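Commentary on secondary and tertiary structure
Each chain is listed here by its residues.
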Amino acid sequence: MSELLRDQVFLHGSRSAVWALVHDPQALQRVLPGAERIESTGPATFRGVLAARIQFLTVRADVEATLEDADPPRHIVLRFKGRPHGLAGSFVVVVPFDLEAVDDPAGGAGGTMASYVVDLTVTGRIASFGAPLLQDTLRRVIATLVANVDAELRGASAPMS
Amino acid sequence: MIGCAVLFELTRRGVPAVLVEAAPDLGEGTSKANSAIIHTGFDSKPGSVESAMLRRAATLWPDLLETLAVPWLPVGALMIARTDEEADRLGTVIAVNAAQLGVETQLLDRAATRDLAPYLTEEAVASLSIPGEAIVDPFWLTRAFAEAAIAGGADVLLGAPVTGLSVGPEEATITFADGTSLVAEQVIDAAGLRADELAHMAGDTSFSISPRKGQFLISEETFGVDRIVLPIPGPMGKGMLVTPIVFGGLLLGPTAVDGTDKDDRSTDPVEADRILAACQTLVPAVGAMGPIRQFAGLRHVSSTGDFILRPSTAGDRLYVAAGIRSTGISTSPAVAERVVDDVLSLRGWVRAPRKALSPPDHELPEAAGEVVCLCRSISRAEILAACAHITKPRTLDAIKRRGGATFGDCQGNLCALDVARIVAAARDLPLAALEKHQAGSWLWLAGVTTPAPRSARAAVQPLGLASEDQPWDVVIVGGGEAGRGVASATGETATRSLVVERRPDRARRLPGTLEATVVGLAREEGEWLVLAQTALSTVELRARRVVIASGNYVEPREHRAIAGPRPAGIMTADLAESLLAEGLRPGRRAVLVGQGRRAAYLRQRLESAGLVVIGASSEPEAVRGEPRLDAVRLGGKWVTADSLILVDRVRSQTFLLRSLDLVDGRPGVPAPADTDGRLPIVGLWAAGCCVVPSIDHDGCAAMGREVGARVARSLTEGPPPEEAQ
């Protein structure tokens, strides 16, 4: 497992709104880049199909997602375990989130500061794509995800994929 | 690269066009052998055509890279000053030049340099950061230009060497080697090193092109290098640099030697040492690298000293795009734009707005199929996807550049035959008709015997495997001598053990074996999760203990200090034995390097297959021949041979341990087991040639049994600390 990214971002919504979003499969399907299908399989588990663009190749993967270590509404860990189609191997993405209620740095209504770390473990073929390319891909996915989550919280439609 | 970029631009502008290429695949010349950098042109000569092209291209790349969907990374570069004089030159000459050209740079002092790149030499007193420099996959880029053009209606003729060119007032005519011809309103000469020869055919002797050879080294280990590191440039170019590769690993080089032979892509160990010595002065850690490959590229140096972008002196129905020396990748979109603008003006063709063109997407089917390339875990589905590319690749190297197979540590010696089978079936060709890279680069010969029919590969799956509630006590990765030894010893104590073996012949000899390739290991909740890829599916196995018994592989030529070109016909015993088992012959006359039982048995089999075998006890100094091996130099004498078979040195096969950080990216690092066979992660063991690569079959079997007995005992001694938690 290697840490690929550590960042924090201001979201225009309350912690409870963020909390509700990550537990809502329909909302997750809207905000997760490349989410083609997500369904709930338990109170804190989901499964679905995600399509990620690794620059030159669209990798479609069967994914199982779990929400772990929940400390509502302050802390939660998202764990995605995936099997890419057509490629031998697997990936696990673990994203611990810490949520803090804060004022909007731009002077608007209050919101949530989400601090997160992205850990990635890959085996098989995906590992041979090389860490720099995977890191670049994951950065793009996370940037889109964050923008989509913020848009969802603001009530905007048509998030990016 | 330039030809494909021009084809792309012509097609975007609505001009019907055809690309004519002598080689069987695109990018077989300089496009496949370069430093793969997209330069900003920060150090280019102001006022030159090259500089103008670099600056224009910098504005085109951002959209183009996304449109063409090519692998690239905006890593940036650091130019290193190692003396105060160099630091002064960075600030007063190079940074000023960059500013004049509008390229963003930043001067960094010693401390800031080390903060940004701690892997640099301590002698670095300052550096110039150039954040706009990027790296790209040059194969992919060349192909993407062409594939996008084909998708837009262009044609590509591969394997079509031009033997004649005449330029008239209304048209130009190209003649091919087979006597056929092609008439066009406009011909563009983007023949790279041969651009002058093509122009000469039409009577244009206004320029010449000479080759400047650059040799490179590739390492899978990165030593932490995350950006391009380059020295202050000299008169022959940028000097030798260290750069990451898009798909991982490092590229070191190039050398720069002016020559006259346009076919000389040979490499030599002396230059490899020179590259390592030069690059160590930038990044000291690269001195510990184990190169997996050395290669050479030939830059096109024009007699004018600059790019030549103009109508031919033979008539403007021929346009020359030549002398695109070391910045061919970087300038390609701008050169293409300039060429097409000029041609449209010359012909008075309507300037159509650019069409949006992209190469077809390369999506994979859901099922991966069996793993074909072990080093990189490349599946049958990926090879088939590579075969399905719109450019219809036919050679093994063409498949390598599209799917990655044969690029890894073993350099194809473990998988070339399996890859070839898939390609041959996809192209409806006999196996012996496939070639490596060029016409005449035959890989092997049809045999004198008919091979036994191969049964369809199917996973041998023990009953209940997929629905096991209980974890296996032991999963053994590898069914060779060591793996069977482990299985035998653990079986004596009624331990539930499972062998996973990728080779069908071995898997089917050992009842209860899972025919699959292990592609991943992970420690989860006190157990090992073993991911095994069968021909049908991915199987997840849980195990209390895992024993790695993945064996060894013969060290390929690419890891060795053997001078010469890279023809077909050089292989290890791993491939030669596979060929013989398939009923194929590696060649007619082989030099066999190595002694001992395996070499003796292989010699016997080769001779039985009709080969003349010349034995050699030590590694040859050099090889020659292209596209097929012609001779091998042994002890200072050239020995005629069409095949070189290496069986003298082996390396541990430990690819699987890399993702666990138990071995680094250098080829063949042995599994770091202690004297009991334990690896430094709880519940993980190793036995056999993956620990000690050179032990023989009996030694492997004995070690397997010893380790197996210890593993069995460990299961009865209670859980290790992590499992007890």
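Refer to the structure presented above.
Rules and cut-offs
Residues numbered from 1 in each chain as written. Chains lettered and ligands numbered in written order. Predicted model: local features only at pLDDT ≥ 70, side-chain atom pairs only at ≥ 80, totals over all residues. Helix = DSSP H or I, 4+ residues; strand = E, 2+ residues; numbered from the N terminus. Rg over C-alpha atoms; globule rule 2.2 N^0.38 Å. Buried ≥ 20, exposed ≤ 12 C-beta atoms within 10 Å, placed from the backbone. Axes fitted to C-alpha atoms, helices over the stretch in contact; angles between N-to-C directions. Left-handed = near helix turned anticlockwise from the far one by under 90°. Contact = placed C-beta atoms within 7 Å. Nonpolar A, V, L, I, M, F, W, Y, C, P; charged D, E, K, R; others polar. Pairing = 2+ DSSP bridges. Expected span 1.5 Å × (residues − 1). Arc of directions from axis to C-beta. Parallel < 35°, antiparallel > 145°, perpendicular 65-115°, else oblique.

The helix and strand inventory of chain A stands at three helices and seven strands. Mapped from its N terminus to its C terminus, chain A presents α and β elements in the order β-α-α-β-β-β-β-β-β-α. Its C-alpha atoms give chain A a radius of gyration of 15 Å, within 12% of the compact-globule value 15 Å for 161 residues. Looking at the 161 residues of chain A, the share that counts as buried comes to 37%.

For chain B, the count of helices and strands is 17 helices and 40 strands. In summary, chain B has a C-alpha radius of gyration of 27 Å against a globular reference of 27 Å for 725 residues, a match within 12%. Judged by the C-alpha coordinates and their principal axes, chain B covers about 85 × 65 × 55 Å. Within chain B, buried positions represent 55% of all 725 residues.

The subject of this paragraph is the packing of helix H12 (residues 481-492) of chain B against helix H16 (residues 697-716) of chain B. All names here are of chain B. Two elements in contact, H12 and H16, have axes whose closest approach is 7 Å; the angle formed by their N-to-C orientations is 35°. In this structure, the crossing between H12 and H16 has a hand that is right-handed. Between H12 and H16, the contacting residues are Glu481, Ala482, Gly483, Arg484, Gly485, Val486, Ala487, Ser488, Ala489 and Thr490 on the first element and His697, Cys700, Ala701, Ala702, Met703, Gly704, Arg705, Val707, Gly708, Ala709, Val711 and Ala712 on the second.

On the chain A side, the residues contacting the 32 residues of chain B number 24 residues. At the level of elements, strand S3 (72-73), strand S22 (378-379), helix H9 (380-387), strand S27 (517-524) and strand S28 (527-533) of chain B are the ones that each hand at least two residues to the side of chain B that touches chain A. The biggest single contributor to the side of chain B that touches chain A is S27 of chain B, with three residues. Looking at the side of chain B that touches chain A, its residues break down into 18 nonpolar, nine polar and five charged.

If a strand is regular, its side chains alternate between the two faces of the sheet. Residue and element names in this part refer to chain A. For strand S1 (residues 2-11) and strand S7 (residues 111-124), the ladder comprises nine bridges, and the chain directions are antiparallel. Considered in S7, the bridge of Gln8 is made with Ser115. The sheet contact formed by strand S6 (residues 89-102) and S7 spans twelve bridges and is antiparallel. Its bridge partner lying in S7, Val94 is registered against Asp119.

Moving on, we come to the sheet that holds strand S19 (residues 308-312) of chain B. All names here are of chain B. Taking strand neighbours across the sheet as the criterion, the three strands line up as S12-S20-S19 in an open arrangement whose pairing is mixed. Edge strands, defined here as strands with exactly one partner in the open sheet, are strand S12 (187-189) and S19. Mean inter-strand twist for the sheet, computed between neighbouring axes without regard to direction, equals 25°. Examined bridge by bridge, S19 and strand S20 (residues 315-322) share five bridges and lie antiparallel to one another. By the bridge assignment for S20, Arg310 is matched with Val320.

A few words now on the sheet that holds S6 of chain A. Residues and elements named next belong to chain A. If you trace the seven strands from one edge of the open sheet to the other, you get S1-S7-S6-S5-S4-S3-S2, paired in antiparallel fashion. Unpaired on one side and paired on the other, S1 and strand S2 (35-42) mark the two borders of the sheet. Neighbour-to-neighbour, the strand axes of the sheet open up by a mean angle of 25°, direction not taken into account. Where strand S5 (residues 75-84) lies against S6, eight bridges are found, and the strand directions are antiparallel. Pairing of His75 across the sheet is with Asp98, part of S6. Against the sheet, helix H3 (residues 131-154) touches S1, strand S3 (45-54) and S7, its axis set at about 20° to S1.

Once that is clear, we can look at H3 of chain A. The terminal C-alpha atoms of H3 of chain A, which comprises 24 residues, lie 34 Å apart, in line with the 34 Å expected from a rise of 1.5 Å per residue. The first or second residue beyond H3 of chain A is Gly155 of chain A, which carries a positive phi of 90°.

A word on the environment of Met703 of chain B. All names here are of chain B. Along the chain, Met703 turns up in helix H16. Considering only alpha carbons, one finds Met703 and Trp444, 259 residues apart in sequence, at a separation of 36 Å. Residue contacts for Met703: discarding those within four places in its chain leaves Ala482, Gly485, Ala687, Gly688 and Ile695.

Turning our eyes to something else, we now look at helix H7 (residues 269-280) of chain B. All names here are of chain B. Helix length check: H7, at twelve residues, gives a terminal C-alpha distance of 16 Å against a target of 16 Å (1.5 Å per residue), a fit within 8%. For H7, every residue scored as buried is listed here: Glu271, Ala272, Ile275 and Cys279. In an axial view of H7, the angular spread of the buried residues amounts to 105°, which keeps them on one side of the axis. Of the residues in H7, the exposed ones pointing more than 90 degrees away from the buried face are Val270, Asp273 and Ala277. Those residues of H7 that are buried are in contact with strand S13 (209-219), strand S15 (241-244), strand S16 (250-253) and strand S18 (293-302).

All names here are of chain B. Running from amino to carboxyl end, helix H1 (residues 2-12) crosses helix H8 (residues 328-347) at an angle of 40°, the nearest separation of the two axes being 8 Å. Comparing the axis directions of H1 and H8 gives the class oblique. Considering only the axes of H1 and H8, their crossing is right-handed. Contacts between H1 and H8 involve Ile2, Ala5, Val6, Phe8, Glu9 and Leu10 on the former and, on the latter, Gly328, Ser332, Pro333, Val335, Ala336, Glu337, Val339 and Val340. Across the contact of H1 with H8, the residue classes tally to ten nonpolar, two polar and two charged.

Attention now goes to the environment of Glu66 of chain B. All names here are of chain B. Along the chain, the position of Glu66 falls in helix H2 (residues 49-68). The class of Glu66 is exposed, set by 12 C-beta atoms lying within 10 Å. In this structure, the C-alpha to C-alpha distance between Glu66 and Lys637, residues 571 residues apart in sequence, is 53 Å.

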